[in-house]
Amino acid sequence: MAHTPGESPLLRVEGLGKTYAVPVLEDVSLEFFPGEILALAGENGAGKSTLSRIIGGLLAPTAGRMELAGEPYAPAGRRQAESAGIRMVLQELSLIPTLSIAENLFIDDLPHRFGLLDRAALNARAAPLMKRVGLERLDPGTPVGDLGIGQQQMVEIARGLIGECRLLIFDEPSAMLSDRETDLLFAQIRELRERGVSIVFISHRLDEIKKISDRVSILRDGRLVTVQPSADMEIDDIVRAMVGRDVESELDFGARTVGGPVLEGQHLSRGARVRDVSFQLRKGEILGFAGLVGSGRTELMRLLFGADHPDSGSILLNGAPFVPDSPRRAVQAGIAMITEDRKGQGLLLPLSIGINTTLADIASISRGGWVDTRAEETAAETFIRKLAIRCLGPAQPVDELSGGNQQKVVLARWLYRDCDILLLDEPTRGIDIGARYEIYALMGDLLRDGKSLIVISSDLRELMLVCDRICVMSAGRLAAVFERGAWDQDAILTAAFSGHIHQTSQEH
Ligand SMILES: Nc1ncnc2c1ncn2[C@@H]1O[C@H](COP(=O)(O)OP(=O)(O)OP(=O)(O)O)[C@@H](O)[C@H]1O
Ligand SMILES: [Mg+2]
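What counts and what doesn't
- Residues numbered from 1 in each chain as written.
- Chains lettered and ligands numbered in written order.
- Predicted model: local features only at pLDDT ≥ 70, side-chain atom pairs only at ≥ 80, totals over all residues.
- Heavy atoms only, no water.
- Helix = DSSP H or I, 4+ residues; strand = E, 2+ residues; numbered from the N terminus.
- Rg over C-alpha atoms; globule rule 2.2 N^0.38 Å.
- Contact = heavy atoms within 4.5 Å.
- Salt bridge = Lys/Arg side-chain N within 4 Å of Asp/Glu carboxyl O.
- Domains from an automatic or database assignment.
- Buried area = accessible area lost by both parts, 1.4 Å probe.
- Pairing = 2+ DSSP bridges.

(A) Fine view of the overall build of the chain. Looking only at helices and strands, one finds 17 helices and 22 strands in the chain. Relative to its length of 508 residues, the chain is compact, with a C-alpha radius of gyration of 24 Å against a globular reference of 23 Å. Overall, the chain is about 70 × 60 × 50 Å in size when its C-alpha atoms are taken along their principal axes. Across the chain, the fraction of contacts at a sequence separation of at least 24, relative to all contacts at a separation of at least 6, is 66%.

Below you can see the structure in the form of structure tokens.
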């Protein structure tokens, strides 16, 4: 339900700007209405998080002013913004892994009894919030570090739902969520809208923007280029406004020469998550893994990368038995893995893009090894160009980059290692639509160099665009394998659900 014309805005920002070495946000004027979902779209580095952080009190603007319900609004910090009823769910998870779900939820306001943390009261307070985001099956005392990445995101979202709230900003809340979790999130967002809360929704999934928002606002290079009712904008229009041109949506990898098997799993099993999975990755191909979140795809990759060990089954590398007892061993054997948990990727945030790209492993700098800075810069510049990393240059610290651009640095680091086999878990998550095609093109280059790729993605269209074959996992098992040209979306989805249907019927 969009706001009615003539209604006064809850929040008005005027001529807002933020300048570091260069301006990253310029002259943004925008109104936020109660009971309205306003989407914020734009390429990686366009200024979406910067704008949100200013509104949420995490960052001070260098120009412009804000007005909340007609009164001047200039929060000195996040807590001040929250007491004014403005909360945000951050793009980067800000949870403390060693603390429990309940403790993380009420970290600013833990209940005490006789000077001790009152766990019973805490857990009782956490329960209804957890239910709202579908986490009711979990014990509120579970450490957050034990949760999957999607569940952690749900805790982060639950924290945003605490207390009286007039404006709630979601900065890419769905990037790490499964479809089911996203549905729950959307139900919550719609309920908040009914209650008159003003919602800002940031996402690179443009179909979601179409689905949930009342109006779309688009930032390009720090400037607001348009604000329109969502009904008036097709996805193509949004893309064009974001990037300022038509984006290629066709992909031509040319003729591929696919060779013999390079990496094989034979009857791999680990607990209930991976069950008797056999597959072959052939030289020069992209093998996709589709499936629901929790279907065992990431767990399977972890076995191949030596991060976990199988209970049974074996792995062959170039036809010979291969036992990756550690990730280090896997990397030595020429296998790279880009995991879905970017925070666990060990980006050295205060250090430069150059160092982060070329750093072979952390040990090499902690020994104070000699670094060829010139070569480092050249390498970093190559990747900055290839991946369209928006930055000031190779010397810029990674923590000054936008979320999506930090992810590109993670990709650059692995590409620099020049491994023969790449395991990519959700490689384009959080990456804008234009840059996605740059990454696909890069995948094409890798194939031509004789590399072999496994790609996990929850975006089925992405898999159908880039893959030679698609394996579908369901409840830990390999449910089906489709060859390019012989797949259709419905068949893949049916296979993805097959094991789960089977499993639930067994449970009853
Ligand atoms: N401390 C800083 N110093 C210099 N530049 C910065 C700093 N913080 C952010 N920037 C720059 O501001 C620009 C906008 O970043 P912002 O995080 O707002 O982008 P975004 O639209 O949220 O992108 P994404 O989709 O990748 O999350 C980026 O180019 C980023 O490099
Ligand atoms: Mg951002």
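Alright, that's what it looks like, and here's the rest.
(B) Region of the structure containing the pattern of salt bridges. Evaluated as defined, the whole model comprises 28 salt bridges. The partner of E31 in a salt bridge is R12, with the nearest N and O atoms 2.5 Å apart. Placement of E31 in strand β2 (residues 23-32) and of R12 in strand β1 (residues 11-19) is noted, with a sequence separation of 19 residues between them. For R205, the salt bridge identified is with E208, shortest N-O distance 3.2 Å. Three or more residues are tied together by salt bridges with common partners; here these are R12, E14, E31, R65 and E67.

(C) Seen up close, the domain arrangement of the chain. As assigned here, the chain comprises domain 1 (11-243) and domain 2 (260-334 + 423-432 + 456-508). Computed from C-alpha coordinates alone, the two centres of domain 1 and domain 2 are separated by 33 Å. Listed by partner, the interface residues are ten residues for domain 1 and six residues for domain 2. In total, about 650 Å² of surface goes out of reach between domain 1 and domain 2, with carbon and sulfur atoms giving 48% of it.

(D) Spotlight on the pairing of β2. Sheet topology places β1 next to β2; six bridges connect them, and they run antiparallel. Residue pairing for β2: R12 is matched across the bridge by E31. With antiparallel pairing between neighbouring strands as the criterion, β1 and β2 make up a hairpin whose turn holds three residues.

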